[in-house]
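Structure at a glance
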Amino acid sequence: MEYINEHTLPGQIGQLAIVISFVTALLAAFSYYMTASGREQWKSLARGSFYVHVAAVVGIIAALYYIMFNHYYEYQYVWQHTANELPIYYMISSLWEGQEGSFLLWIFFQAILGVIIVRTAKKWEAPSMTMFALVQGFLTSMLLGVYIFGAKVGSTPFILIRELPEYINLPFTKMPNYLEMEQFQNGRGLNPLLQNYWMVIHPPTLFLGFASVLVPFAFSIAGLWYKKYTEWIKPALPWTFFGIGVLGLGILMGGAWAYEALSFGGFWAWDPVENAVLVPWLTLVAAGHLMLIYKARKTNLKTTYALVFISFILILYSTFLTRSGVLGDSSVHSFVDLGLNGQLLLYLFFFIGLSLFLFFYRYKNLPKSSGEEKFWSREFFMFIGALVLTISSFQVTFSTSIPVLNSLNVVEFINPIRGWFSMEPLENIAPPIDPIDHYNSWQLPFALVITFLIGITQFMKYKNNDTAELVKKILLSLIISVVLTGLIAWGSQMDNRLYILMLFTSLFAIIGNGDYWLRMVKGKYNFAGSSIAHIGFGLIMLGALISNTNKEVISKNDTYIAEGFPANENILMELNDTLQMGRYNVVWNGESREGHHRKFHMDYYKQKSNGELEKVFELEPYIQMNETFGNVAEPSTKHFLTHDIYTHITYAEPDEVREKREANEGYGREADVEMSVNDTAVYAQHFIILDSLSIASELSRFDANGNPMSIAVKAHMRVVNVAGQAYPAEPIYFVEDAGVKHIDADIEDIQMRIRFEDVDSQTGKISLKAYQYVGDEEDFIVMKAIIFPYINLLWLGSILMVIGTVLAIRHRIRKSA
Amino acid sequence: MKKTHIILILIIALGIGAVISTIGDASTYVSFDKADKNPGKQYTVIGYLDKEAERNYDPRSGLFTFTAIDKDGEKRVVVYNEPEPQDFERSEEITLKGYANDSVFVAEQILMKCPSKYNENNQVEEGDNVYYE
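Residues numbered from 1 in each chain as written. Chains lettered and ligands numbered in written order. Predicted model: local features only at pLDDT ≥ 70, side-chain atom pairs only at ≥ 80, totals over all residues.

Re the overall build of chain A
Stated precisely, the cut-off is as follows: Numbered from the N terminus, helices here are DSSP runs of H or I no shorter than four residues, and strands are runs of E no shorter than two. Comment: burial labels come from other C-beta atoms within 10 Å of the residue's own C-beta, placed from the backbone, where a count of 20 or more is buried, 12 or fewer is exposed, and between is partly exposed. Throughout, a pair of residues is in contact if the C-beta atoms placed from their backbones lie within 7 Å.
For chain A, the helix and strand inventory stands at 20 helices and 24 strands. Across its three principal directions, the C-alpha atoms of chain A cover 115 × 80 × 55 Å. The buried share of chain A, taken over its 817 residues, is 47%. Residue pairs at least 24 apart in sequence account for 67% of intrachain contacts in chain A once pairs closer than 6 positions are excluded.

Let's talk about the overall build of chain B
Regarding its fold elements, chain B presents two helices and nine strands. Ordered by position from the N terminus, the helices and strands of chain B form the series α-β-α-β-β-β-β-β-β-β-β. Of all 133 residues assigned to chain B, the portion counted as buried reaches 36%. In chain B, of all internal contacts separated by at least 6 residues, the share reaching a separation of at least 24 is 46%.

Focus on the packing of helix α2 (residues 43-69) of chain A against helix α5 (residues 99-120) of chain A
All names here are of chain A. The condition that has to hold: For every element, the axis is a line fit to its C-alpha atoms; helices are fit only across the contacting stretch, and the angle between N-to-C directions ranges from 0 to 180 degrees. Should an angle lie under 35 degrees it is considered roughly parallel, over 145 roughly antiparallel, and from 65 to 115 roughly perpendicular; all remaining angles are considered oblique. By convention the crossing between two helices is left-handed if the near helix lies anticlockwise of the far one by an angle smaller than a right angle, and right-handed if it lies clockwise. As a working rule, the residues Ala, Val, Leu, Ile, Met, Phe, Trp, Tyr, Cys and Pro are called nonpolar, Asp, Glu, Lys and Arg charged, and the rest polar, with Gly in that last group.
The N-to-C vectors of α2 and α5 enclose an angle of 150°; their axes lie 10 Å apart at closest approach. Judged by the inter-axis angle, α2 sits roughly antiparallel to α5. Two packed elements cross with a definite hand, and for α2 against α5 that hand is left-handed. Between α2, through Arg47, Phe50, His53, Val54, Val57, Ile60 and Ile61, and α5, the contact on the second element is made entirely by Leu104, Ile107, Phe108, Ala111, Gly114, Val115 and Val118. In the contact of α2 with α5, the residues fall into 11 nonpolar, two polar and one charged.

Observations regarding the environment of glycine 797 of chain A
Residue and element names in this part refer to chain A. Along the chain, glycine 797 falls in helix α20 (residues 792-816). Through-space distance from the C-alpha of glycine 797 to that of isoleucine 540 is 4.9 Å; in sequence the pair is 257 residues apart. Ignoring sequence-local partners within four residues, the contact set of glycine 797 consists of Gly536, Phe537, Gly538, Leu539, Ile540 and Gly543.

Some words on helix α11 (residues 341-362) of chain A
Structural remark: α-helix, 3.6 residues per turn; residues separated by three or four positions point the same way. All names here are of chain A. Test applied: Helix span, expected: 1.5 Å multiplied by one less than the number of residues in the helix. This arc is built from the directions going out from the helix axis to the C-beta atoms.
Taking 1.5 Å as the rise per residue, α11 with 22 residues should run 32 Å; its terminal C-alpha atoms sit 32 Å apart, in good agreement. Among the residues of α11, those classed as buried are Gln343, Tyr347, Phe351 and Ser355. Buried residues of α11, viewed axially, fall in a sector of 100°; they line one side. Set apart from the buried face of α11 by more than 90 degrees, the exposed residues are Gly342, Phe349, Gly353, Leu356, Phe357, Phe360 and Tyr361.

Examining the environment of glycine 243 of chain A
All names here are of chain A. Here glycine 243 lies in helix α8 (residues 233-260). In this structure, the C-alpha to C-alpha distance between glycine 243 and alanine 211, residues 32 residues apart in sequence, is 8.1 Å. Dropping the residues within four chain positions of it, glycine 243 is found in contact with Gly209, Ser212, Val213, Pro216 and Leu284.

Things to note about the pairing of strand β17 (residues 708-720) of chain A
Residue and element names in this part refer to chain A. What counts is decided by this rule: Paired strands are those between which DSSP finds at least two bridges.
In this structure, strand β15 (residues 686-695) lies alongside β17, joined through eight bridges in antiparallel fashion. Considered in β17, the bridge of phenylalanine 687 is made with valine 720. The pairing of strand β16 (residues 701-702) with β17 spans two bridges and is classified as antiparallel. Pairing of phenylalanine 702 across the sheet is with proline 708, part of β17. The turn joining β16 and β17, which pair antiparallel and follow one another in sequence, is formed by five residues; a positive phi near 85° is taken by glycine 706.

Describing the sheet that holds strand β21 (residues 745-747) of chain A
Residue and element names in this part refer to chain A. Judged by pairing direction, the sheet is antiparallel, and its four strands sit side by side in the order β13-β23-β22-β21 without closing on themselves. Two strands lie at the open edges of the sheet, namely β13 (667-675) and β21, each paired on one side alone. Taking each pair of neighbouring strands and ignoring which way they run, the sheet shows an average axis angle of 20°. By the bridge criterion, seven bridges tie strand β22 (residues 752-759) to strand β23 (residues 766-773) in an arrangement that is antiparallel. In the sheet register, arginine 753 faces β23, and the bridge partner there is tyrosine 771.

With respect to the domain arrangement of chain A
All names here are of chain A. How we decide: Throughout, the edges of the domains are those of an automatic or database domain assignment.
Under the domain assignment, chain A is made up of domain 1 (1-195), domain 2 (205-390), domain 3 (443-550), domain 4 (571-653 + 779-789) and domain 5 (657-773). The distance between the C-alpha centroids of domain 2 and domain 4 comes to 42 Å. Every contact between the two is made by four residues of domain 2 and, on the other side, six residues of domain 4. Taken together, the residues of the side of domain 2 that touches domain 4 break down into one nonpolar, two polar and one charged.

A few points about unusual backbone geometry
All names here are of chain A. One non-glycine residue, glutamine 493, adopts positive backbone phi at about 50°. On the secondary structure map, glutamine 493 appears in the loop between α16 (467-491) and α17 (497-520). Of note in this structure, asparagine 576 is not a glycine but carries a positive phi near 65°. Here asparagine 576 shows up in the loop between β4 (571-574) and β5 (578-581). With 11 C-beta atoms packed within 10 Å, asparagine 576 lands in the exposed category.

Regarding the packing of α5 of chain A against helix α7 (residues 197-225) of chain A
All names here are of chain A. Packing of α5 against α7 brings their axes to within 8 Å, and their N-to-C directions diverge by 45°. Judged on the interaxial angle alone, α7 and α5 are oblique. When you trace α5 past α7, the crossing you get is right-handed. Here Ser102, Leu105, Trp106, Phe109, Gln110, Leu113 and Ile117 of α5 lie close against α7, whose contacting residues are Pro203, Pro204, Phe207, Leu208, Phe210, Ala211, Ser212, Leu214 and Val215. Partitioned by chemical class, the residues of the contact of α5 with α7 number 13 nonpolar, three polar and no charged.

Right under this line is the structure:
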């Protein structure tokens, strides 16, 4: 059968490109393997097939964009992720909304990095590209979408809706003109939660970061393979810091997105998905610093290897966690199992196995550290820092893996341990009730140690330090930090000792690095990189600490609910009413429409010294109206240098409810009642009794033959209150040629309205609608407002960390060139 | 004893500490019945929304009330101190963190497994038939 107007060719081309990219990746892996094993004649085939692979990857993306931009809704991916009305930047970003597309993005960046490696790695090309091509082979297999011996291998973005297994044999798949059907004229579009400029830049940054972790891994494997156990570090070092910078930026962008546009009410919530990207970053930072130590001091090589391996494996593990559906019960992000778990696990275990095997196969040949390092030395302090990062990563990984542990049924091993601490046994294990508290209780001390080490280590020399001299060097920074800590802690009434300590260590990290750069290296631009990056990290910690500990929810609702109930952080606001929130007076003075946005105009006033109110700023949080996905409220934040005011609409009366109320002269709280004669119903603490029905002849008209032209039925009812007082009500139901009319009965004494809605001629039952007068109710919204003090420190720190990393990489590359 | 050994022991101790504290902090998925037996104690209940029952958000008191059914089929009225979460009626499964009191389950946090977030189920409607992926 021929389907009308179906465009299958671009999809077939795309599918072909997937197959080519898969085959050429395997071919490149094999021929690079041969090249690396000494058969140079394989090299041109290896390179050639890798270039074809890259071209095929670009081809997949081109084909996918082609069907997306042409709105070919016969394709499931196009239908599910795009829509006619999406602007171009969201069309571009809807490529990575789905799992298949985000794999594709990752594959693409890895292919690009691969090309750079081919061009620059020289003698390292063959072994490291073997790894690259192998990883590309695994990843492209995720897109194949074929069944091999009944097992699903990959999931392709080029599948047609009518080919989806669940639709097979449904009537529409047998209609040649099915594409003319209403539902194929437009797609579902991009989820409104994701319609934000962060969606355009955050995932590509993150996946570039993911891709860059492969480079040090590939080089370290190459080092073991070629028995050049130490030489790989030099070429891999800039790449490691590139990965640290980009992945770090990606994580921070995720935080910024959560803070700016999602209603998390903060930038970090220890959500499993956030954790999954954080942990490889932590170990990569540790690995990068160990590589620096090795270059300078030739120590800790084995730990360096281990951490490079762990970083890459954690990337794979994160991929498994976030895409297998295993986190479904524990994350606010939800994931659908694509049925590729087996493949993801195979991928994970293959690389765990490979790195373990090579590591232990070569273990006894690995050069030993020369002698014991001194305690007061830069390398020892950096080493401790790297280990703390590793444990920090381990703690986060372990806690985030609880759903995995639960599915592995480890609860039987856990209960005896709980028993030793006299805790009750569990039937199964779920993540901690208060994850933020759980993670912070561990991560705060780790952060404390790290920031302190960042502050002190810069001042230390490699090998050995005279402690008296060291103290002299750091004294100035220490004093300034202590004084500032005292002032800030006093000014913000911080009383938690751990927080004050953290305040001190992060200030010390910032000031120490600034001091070191200015006094010790005389502000030389070339050496600025590490100082700036470390100042940035210190600022991130400082900003996180201050904005979290002094965060102030100013929209607290004082309404007493019940004993032991958490205070409500949302407040109800009537139109044009002024409410005091913290140091502000807030007015909601109306709303407006802009396209799909329902904007709420909020004015913030401050009291001047003479008592007058002065408008300081306005905010426009909005609700994105979306019929397909439901409405999404987006916060709006006013940024000041010293604090942010975050404002979020948590509830606004839907249009339908409001319109109905207005159309009904202020009668609301509609209730449907169905009754027969002599029935009684209860509404708003009144009994409604239907006594009888009659024809209202004064309203009914008959033609000359006595046939009704219009007919009116009157219900004789009583509404009785608890005291027994009865009010008569006689609503009328009226049918004429023009349609149905109702004459409502209003009982003014008790502000009730009864509408005679319909008569069922079969059963003799009538339908009524009862209303109460709510006309005095103003329009209202429910909102939440939070003040985040000094959160700009965090953003400033993020920018500095990236700039510093870039400078440091540039310095490394120049030095080695 | 070498310095590295001391460090190694410290690291292992910290690692074990992290594992044990996680085991200690871990909560458990329970049924409403179990939560009822220990009123006020924090639990995690997995269930789904009773779509037949009434859901009501009262903006004046700020309380959202609905009925949930746990995996044993037990129904409970749940109150939540925030407005109805977005797309709540579409959720396939809900995770409730909170505690029981003598009349209701008080949810402090609600997580939803929702077909309409990231990679949601497809829904192609054709006449009266609704097909789900």
